[in-house]
Amino acid sequence: MEFRQIAQKLGVERYPKELDKLYVDNKTPACDLSLIDALQTEWNLFGDFYNKVKDAAEQINSDPVRSAWVRTTVSFAKDADVETACTVPAPASDGTAAGDFLPLFTLLPQIPSAIAEYEKHGFSRDEILDIMKDFRLSFGIVEEQTGSSGVEYIYYGWLTIFAKAQIFCLMGLQFEFFKLPKGTLWLRNRTTGEVVPVMLEGTFHFSGIQRLGSLGYEDTEGAFTPAFSQDERNYYGHGVHDCVVSAAQETFPKDIWECIGHPQGFCMNIHVPRGSDISTENVMTACKRARELVKTRYPERPEFCLVMGISWLLNPLLREIQGEKAKTTQFMECFIKYPKLDPHADSVFSFVFGKKYKNYAELPENTSLQRKLKKLYLDGGCLHGYSGAIYIC
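Read on for a plain summary of the structure. Everything quoted here is computed from the prediction, not taken from an experiment. (Residues numbered from 1 in each chain as written. Predicted model: local features only at pLDDT ≥ 70, side-chain atom pairs only at ≥ 80, totals over all residues. Heavy atoms only, no water.)

Some words on the sheet that holds strand 10 (residues 266–271)
Here is step 1 of the chain: Across the sheet, which stays open at both edges, the six strands sit in the order 1-2-10-11-13-12 with mixed pairing between neighbours. This sheet does not close on itself; its edge strands, each paired only once, are strand 1 (167–170) and strand 12 (336–339). Across the sheet, the mean angle from the axis of one strand to that of its neighbour is 30°, orientation sign disregarded.
Here is step 2 of the chain: By the bridge criterion, four bridges tie strand 1 to strand 2 (residues 173–179) in an arrangement that is antiparallel. Bridging from a neighbouring strand, Phe168 pairs with Phe175 of strand 2. (Pairing = 2+ DSSP bridges. Helix = DSSP H or I, 4+ residues; strand = E, 2+ residues; numbered from the N terminus. Axes fitted to C-alpha atoms, helices over the stretch in contact; angles between N-to-C directions.)

Shown next as structure tokens:
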């Protein structure tokens, strides 16, 4: 049997072709039950889901097709970076424990190395426990959203970051080692301190408010694609001001504007778990502490001054919805924002409402934010995601 046949049996049409070369047809158990026991005993990795994870492992070990999938994807993902490892698809579940948790077993063999990496960089046991709790939390979120615990594809990608030791926790927030997006250059005015993202790619609605192709922004008339160039004296590009991309090209003299962020340059990416304190004070203090942590515990990494965010929580509309004093507004105001491509704009639902609903009329109204967002969507509005960065001076 070839790997493509394994993939077909699991309903997977597309996958990294390197998996074809890595596939070896053997009968060794795919899931190490002793590893599962050790991760639970020492790190409480699975919490209340331990028995279901153990059942899933035993089912996979008795299933030649799923065993072959796990063995091959483990070989592919173990030495890959996060972006490459995330190209492993997640086969659709058949409702069994093995189907629900199958993607997890691609990651588990990497966890001991991740823990060793954290220890190497000075993280205490309590800090590592705090980081790794996202495994069991993710299982619970999937159960809340679907009625059955497991690892969906979006959470496979999320948990890969932890399996590669590319994230840490501070003050209730999470900071991921990251690269600045390819489509932006970050400039800072040497005199005023103003920070301006300059767009290098993308096609924008004529209003400059949103990228073309985002929900509600399909009208191509007047749309524009930003052009960028530079010479010895100036940068020439389309800056973003008050979240709006300038339709006209601007000149940024280099003796006035310094570049503080190149495309693909090193930065951190901030994540907000449910229930986090997202007040201005907590967020800014955490960002500064994250920079100091990286400087002291990861001296091999470059220094950085930008902390990225990619979320509906960055949408300026939150000021109108929640008011100036709301913590969601405070969080949004911490960022220098620009539009991102958001064709579906539905990420808000799982965070605010717990799960997706068939229609907006079914959305619960248990909190002020739920009531206001429900009204927004019933009235034909939308809360798009935005990208942005916090500048740490």
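Some words on the nonpolar core
Here is step 1 of the chain: By size, the foremost hydrophobic cluster in this structure holds 106 residues, and its most contacted members are Leu104, Phe105, Leu108, Phe139, Phe168 and Phe175.
Here is step 2 of the chain: Apart from residues lying up to four places away in sequence, Phe139 is in contact with Phe46, Phe49, Val53, Phe101, Leu104, Ser149, Gly150, Val151 and Leu159.
Here is step 3 of the chain: Within the second largest apolar cluster, 15 residues are counted, among which are Val195, Ile260, Cys267 and Met308. (Core = buried A, V, L, I, M, F, W, Y, C linked by side-chain atoms within 4.5 Å. Buried < 20%, exposed > 50% of the residue type's maximum accessible area, 1.4 Å probe, protein only. Contact = heavy atoms within 4.5 Å.)

Describing helix 10 (residues 125–132)
Along an α-helix, residues three or four positions apart point the same way, because every turn accommodates 3.6 residues.
Here is step 1 of the chain: The set of residues buried in helix 10 consists of Ile128, Ile131 and Met132. Buried residues in helix 10, looked at end-on, bunch into an arc of 90°, giving them a common side. (Arc of directions from axis to C-beta.)

Focus on the packing of helix 11 (residues 134–146) against helix 12 (residues 153–163)
Here is step 1 of the chain: In the contact formed by helix 11 and helix 12, the axes pass within 10 Å of each other and the chain directions differ by 170°. Overall, the two elements helix 11 and helix 12 adopt an arrangement that is roughly antiparallel. Where helix 11 abuts helix 12, its residues Asp134, Phe135, Ser138, Phe139, Ile141, Val142 and Gln145 lie against Tyr155, Trp158, Leu159 and Phe162.
Here is step 2 of the chain: Classifying every residue of the contact of helix 11 with helix 12 gives eight nonpolar, two polar and one charged. (Parallel < 35°, antiparallel > 145°, perpendicular 65-115°, else oblique. Nonpolar A, V, L, I, M, F, W, Y, C, P; charged D, E, K, R; others polar.)

None of this, on its own, says anything about what the molecule does.
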